[in-house]
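Observations on the model geometry
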Amino acid sequence: MRAFAQLYAALDETTKTNEKVAALTRYLSAAPAADAAWAMHFLIGRRPKRLLESRKLAQWAWEEAGVPEWLFAECGNAVGDFAETIALLLPPAALSTSLPLHYWIEERLLPLAAAGDETRRGWLVEAWREMDQGQRFAWNKLITGEFRVGVSQSLVVRALAAVSGVAAEIVAHRLMGQWQPTPEFWERLLAPAAGGAAPEDALGRPYPFCLAFPVEGKVEDLGGAGEFQIEWKWDGIRAQLIRRQGRTFLWSRGEELMTDRFPELAALGALLPEGTTIDGEVLPWKDGAPLPFAQMQRRIGRKTLGSRILAEVPVALMAFDLLEHGGADLRQQPLEWRRAQLEALAPPSSALVLSPVVAESSWENLRHLRQESRARKVEGFMLKRRGSPYRVGRRRGDWWKWKIEPYSVDAVLIYAQAGSGRRASLFTDYTFGIWDQGKLTPFAKAYSGLSDEEIREVDAFVRRNTVEQFGPVHAVRPELVFELAFEGIQRSPRHRSGIAVRFPRMARWRRDKKPEDADTIETVRALVG
Amino acid sequence: MALLELRESGLYCAAGDFYLDPWAPVERAIVSHAHSAHAGCGRYLTARGGGALVAALAGPEAAIEGIGYSEPVTMGGVRVSLHPAGHMLGSAQVRLEQGGEVWVFSGDYQLAADPTCAPFAPVRCHTFVTEATFGLPVFRWPALGETMAEVHAWWRANREAGKASLLFVHPLGLAQRVLAALDPAAGPIRAHETVARFNRLYREQGVALPPAEEAPGGRDALVAAPPSCHGTPWEKQFGSASTAFVSGWMRIRGTRRRRSLDRGFVLSGHADWPALLGAIEATGAETVWVTHGYRAPLVRWLEEHGRRALAIDARFEEADW
Ligand SMILES: [Zn+2]
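Each value, and the rule that gives it
Residues numbered from 1 in each chain as written. Chains lettered and ligands numbered in written order. Predicted model: local features only at pLDDT ≥ 70, side-chain atom pairs only at ≥ 80, totals over all residues. Heavy atoms only, no water. Contact = heavy atoms within 4.5 Å. Buried area = accessible area lost by both parts, 1.4 Å probe. Salt bridge = Lys/Arg side-chain N within 4 Å of Asp/Glu carboxyl O. Polar contact = N/O pair within 3.5 Å; in protein donor to acceptor, adjacent residues only side chain to side chain. Helix = DSSP H or I, 4+ residues; strand = E, 2+ residues; numbered from the N terminus. Nonpolar A, V, L, I, M, F, W, Y, C, P; charged D, E, K, R; others polar. Phe/Tyr/Trp six-rings, centres within 6.5 Å; stacked < 30°, edge-to-face > 60°. Buried < 20%, exposed > 50% of the residue type's maximum accessible area, 1.4 Å probe, protein only. Domains from an automatic or database assignment. Pairing = 2+ DSSP bridges. 1 Å grid on protein atoms, 1.4 Å probe; cavity = no way out; pocket = protein on both sides within 12 Å on 5 of 7 lines; lining within 4 Å. Points joined across faces, edges and corners; volume = space filled by probe spheres on them.

**Comments concerning the interface of chain A and chain B**
Taken together, the contact between chain A and chain B spans 32 residues of the former and 22 residues of the latter. Together, the buried faces of chain A and chain B total about 2400 Å²; carbon and sulfur atoms form 51% of this surface. At the boundary of chain A and chain B, one finds five salt bridges. With its nearest N and O atoms 3.3 Å apart, the salt bridge here joins D262(B) to K16(A). Along the contact surface separating chain A from chain B lie eight residue pairs in polar contact (both at pLDDT 80 or more). Of all the elements in the fold, those that place two or more residues in the side of chain A that touches chain B are helix 1 (2–13), helix 5 (69–79), helix 6 (82–89), helix 9 (133–144) and helix 19 (452–465) of chain A. Among the residues forming the side of chain A that touches chain B, the class breakdown is 16 nonpolar, five polar and 11 charged.

**Let's talk about the packing of aromatic side chains**
For any pair of aromatic rings, the description consists of the separation of the ring centres together with the inter-plane angle of the planes. Residue and element names in this part refer to chain B. The final tally for this structure, using the stated rule, is 35 aromatic pairs over all chains. Ring geometry for Y12 against Y19: centres 4.7 Å apart, planes inclined by 45°, an arrangement best described as tilted. We classify Y12 as buried; its relative accessible area is 9%. Measuring from ring centre to ring centre gives 6.4 Å for W249 and Y294, while their planes differ by 55°; the resulting arrangement is tilted.

**Here's the deal with the domain arrangement of chain B**
A common way to report how large an interface is uses the accessible area buried once the components associate. Residue and element names in this part refer to chain B. If you check the domain split of chain B, you get domain 1 (5–138 + 270–311) and domain 2 (144–265). Distance from the C-alpha centre of domain 1 to the C-alpha centre of domain 2: 28 Å. Of the residues lining the interface, 19 residues belong to domain 1; the matching set on domain 2 comes to 16 residues. Summed over both sides, the interface between domain 1 and domain 2 buries roughly 1400 Å², with carbon and sulfur atoms accounting for 70% of that surface.

**Examining the pairing of strand 2 (residues 10–13) of chain B**
Residue and element names in this part refer to chain B. Pairing geometry for strand 1 (residues 5–7) and strand 2, over three bridges, is antiparallel. Bridge pairing in strand 2 links E5 to Y12. Here strand 1 folds back onto strand 2 in antiparallel fashion, the turn holding two residues. Hairpin connection between strand 2 and strand 3 (residues 18–20): a loop of four residues separates the two successive antiparallel strands, and D17 in this loop has a positive phi of roughly 55°.

**Looking at the side chain of R46(A)**
Residues and elements named next belong to chain A. One can find R46 in the loop between helix 3 (33–43) and helix 4 (54–65). In terms of polar contacts, R46 uses its side chain to reach the backbone carbonyl oxygen of L175, at 3.1 Å. Residues contacting R46, with those up to four places away along its chain left out, are H41, L175, M176, G177, Q178, W179 and E255.

**Here we look at the layout of surface pockets**
Taken as a whole, the second largest pocket holds about 1700 Å³ of empty space. Of all the secondary-structure elements, those providing two or more residues to the lining of the second largest pocket are helix 1, helix 2 (17–30), helix 6 and helix 9 of chain A together with helix 2 (144–160), helix 6 (253–257) and strand 17 (263–265) of chain B. Here the lining of the second largest pocket takes eight residues from helix 1 of chain A, the largest share from any one element. Here the residues of the lining of the second largest pocket are counted per class, giving 22 nonpolar, 10 polar and 18 charged.

**Points about the domain arrangement of chain A**
All names here are of chain A. In terms of domains, chain A is made up of domain 1 (210–403) and domain 2 (407–528). Residue-level contacts link five residues of domain 1 with four residues of domain 2. Here domain 1 and domain 2 share an interface that buries about 450 Å² over both sides, 35% of which is from carbon and sulfur atoms. Residues D235 and R502 are paired through a salt bridge, measuring 2.4 Å at the closest nitrogen-oxygen approach. The interface formed by domain 1 and domain 2 contains two residue pairs in polar contact (both at pLDDT 80 or more).

Here it is in structure tokens:
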């Protein structure tokens, strides 16, 4: 636990990728296999099933710290991180544990799930008392499962490749799918490439997804339009559908197994030949066209799927790539070849829809056609270089997304709230209003888009111009105008403005505009179309 | 009987016709320490050891009178005396007494030992006006020795990696406290010109500081510099230096991360939560006014523990401590 807490601190202390990889490599080469496997499991974002409600954890912590609930909440607002708040509030540490990480996880953490509340409370308080402050912090992170420390899976993969000498692509693939963080898995993960993974790991394992880069400059700079296979960019859930040994697996990009949530696609799997992996987008799909993504959210939220919702919001797999065929890995084959195989195996009149290829070969025509994106309920185009292999992760060069311009609205900052994580104790979460009959009505919340410098400036403004406070929310003098950009807009009875937007962010601080120049509800309604 | 009231320009004592740490130019100001010395007042009263520091911030023409700690003067009908606050050289609490009623205005203060200034002296009073910059229980400072061991370890690692160590710290007060605690045998110590200027003023008052020539210096040096230098061209002359910040805010990871610094060291010229509660307890005050920082939580805590407390406005916050 000591080495692990130090690793956590080292990762947290640097923003430099190379130093993070170096710290990971140092830890993973020195740690016993049982510890290394668990550390990697958490660092790539996997977590055990929920061990206990954070509400209870909070209560036991404030009782142990001797502070009332309201003060715990105030501290939480200032710190912006739950695990850290607890570590900072607990009485000063008298001890420091030298027991290994796997002991703490297997003997002390996992048993929490099955125990009764009083027992759990006792165990937790005992654990805190055995640890120093840095260890308590790492431990709280393990319990809450909010383990983000600025380490992406690809950094962990780089470190694993450095530790093992196995190519990063192979390590990335071995990490996909279902496995248990055991010393045996750790050995297989680091085994030389040929000896490779054991079959039980491989059965349901998806491939690392190939991701597209956004087109930033002129699309002409990428080359001729004819060099690309062009498809629409669909707005759904990216997924791989796998059929192996008579079983079907549907994986999200977040590596969540979703097979049970989409019975239509489980049924589709049964129609596929043995040893098949299809890459595509799960879409709410009815009568040959997509439904708004909000319909999908209705469906995702449910624990059980009744026949009514299945009828109202059926899904399809918009298939665009074939990664495995007859059990063979096709990823090094050229794009057109994979596409031809995909077309050949697609079961007719099923939940599989082939992503249409757009037959236009000039950027000029494509630019015109792209204007139809909103009407077609897509986000623009995907550009895939002809002849390219299926790569691992986000690489510049072969796959591009050429999205339509976002919507934009000028709105006034009306509420602010402190952020969390690295933005704790700064006002970084904003609510913006637009004019509705002479009053500013809350319209959208946004957290991103400003530079650190601008954030500090807005923070100072909020501190000087708070007119009222409701809990952590500060109402400010309506003076600052921002241009908000967002991807989608629709009517919503759940919002005060009657409108909901998707992915809002701050595009620009409009210092040139006065609050009275901000947009009105009428102009915004017109965008809904 | 209220000896102080809040006016447009700050805390005002009507009986004595003076302001305490005013935030606008006024005729008569008592200044608890140099950070609170704003230019343009008619006359200033401050603790003797801090007069030169107040002059450095209020301007060379300012009319500044210095008095010794615990040496009372009478202003109007009010008996005024100054008492060490432990915040920096010449920092003082202001004690006001009239007709048996005693008020103490803390200014900025902290309770731990500091060789660069006189230690905080608790003063009994009826009403205590306290700061609350760090008025939450998550703010709890490690011992100075613990923090300095981390600073030295960081410096050593940088020397081994051939990198200069840029230590950002408030240039007046905290910088001198850190410099005095550095081991001069560990390597060359350097100071940004602003820090160096205040070092000279400290030495003139007889405070012992290790030699710290003006920056830059080599890659084995530790350079103390004001936080405002971080991310400026000045920083570039050191190449790929390691950067760190000394402040009570470094207790929280988020505040360090958003400044994009390599390290944060926890040390402050302000009282942490246990010290705030201890200092308030020691005054025996029935009523506590809370100003600066996390006012509301401290007020509520005090009320729940049987004291009268209220939050009062503060125009300026010391952001970088
Ligand atoms: Zn100060």
